[in-house]
Amino acid sequence: MTMEQIYKEHSMTIYKYLLSLTHDEHLSEELTQETFYQAVRCIDKFDRSCKIVTWLCAIAKNQLLSYNRKHPKVEELESTNISTGSVEGQVLSDMSKVEILKKIHLLDDPFKEVMYLRVYGDLSFKEIGEVLSKSENWARVTFYRGKEKLKREMMKDEE
């Protein structure tokens, strides 16, 4: 498989993954490009012990960490997009973006990361499992538990 084919097949997944972490379209695009640049430079180090998309996500996460070290900033909540294509996005679309992000941000890891990837990254449970080096079932269970925690928090606020 050529690097061009790898890019065509996985660039949107990497972009969505980065978008779920940054909530910034332009930064996610920039980091996606940098991820593939680094992948081209280091393709000889890919040992095929994992799927190529998992390897690319690891590079993407390292690129984001490197960027954050060089450019510490406050996250802009207004730039967040809610995916209304998913069931989760439709259920949560009644709430304001800021309100949802505040609640998700209060969750502990790994709930927080799984919620971001599912709701804002619009990744499947299988893709979330691959990105986080876990099983699809782990991703489903973690998302469900995170969603239950969010519901409990929302109920507290209504009281």
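## With respect to the packing of helix α1 (residues 3-22) against helix α2 (residues 25-41)
And then number 1: Taken N-terminus to C-terminus, the directions of α1 and α2 make an angle of 140°; their axes are 8 Å apart at the nearest point. As far as their axial angle goes, α2 and α1 are oblique. The interaxial crossing formed by α1 with α2 has right-handed handedness. Taking contact as the criterion, the partners of M3, I6, Y7, H10, S11, I14, Y15, L18, L19 and T22 in α1 are, on α2, E25, L27, S28, E29, L31, T32, Q33, T35, F36, A39 and V40.
And then number 2: When the residues that make up the contact of α1 with α2 are grouped by side-chain class, the tally is 12 nonpolar, seven polar and two charged.

## Examining the confidence of the model for the chain
And then number 1: Put simply, the chain has an average pLDDT of 80, and 82% of its residues get 70 or more.
And then number 2: Ignoring residues within four places in sequence, the model shows residues 74-87, a span with pLDDT below 50, making 28 contacts including any to other chains.

Thresholds, definitions, all that
- Residues numbered from 1 in each chain as written.
- Predicted model: local features only at pLDDT ≥ 70, side-chain atom pairs only at ≥ 80, totals over all residues.
- Heavy atoms only, no water.
- Axes fitted to C-alpha atoms, helices over the stretch in contact; angles between N-to-C directions.
- Helix = DSSP H or I, 4+ residues; strand = E, 2+ residues; numbered from the N terminus.
- Parallel < 35°, antiparallel > 145°, perpendicular 65-115°, else oblique.
- Left-handed = near helix turned anticlockwise from the far one by under 90°.
- Contact = heavy atoms within 4.5 Å.
- Nonpolar A, V, L, I, M, F, W, Y, C, P; charged D, E, K, R; others polar.
- pLDDT = per-residue confidence, 0-100.

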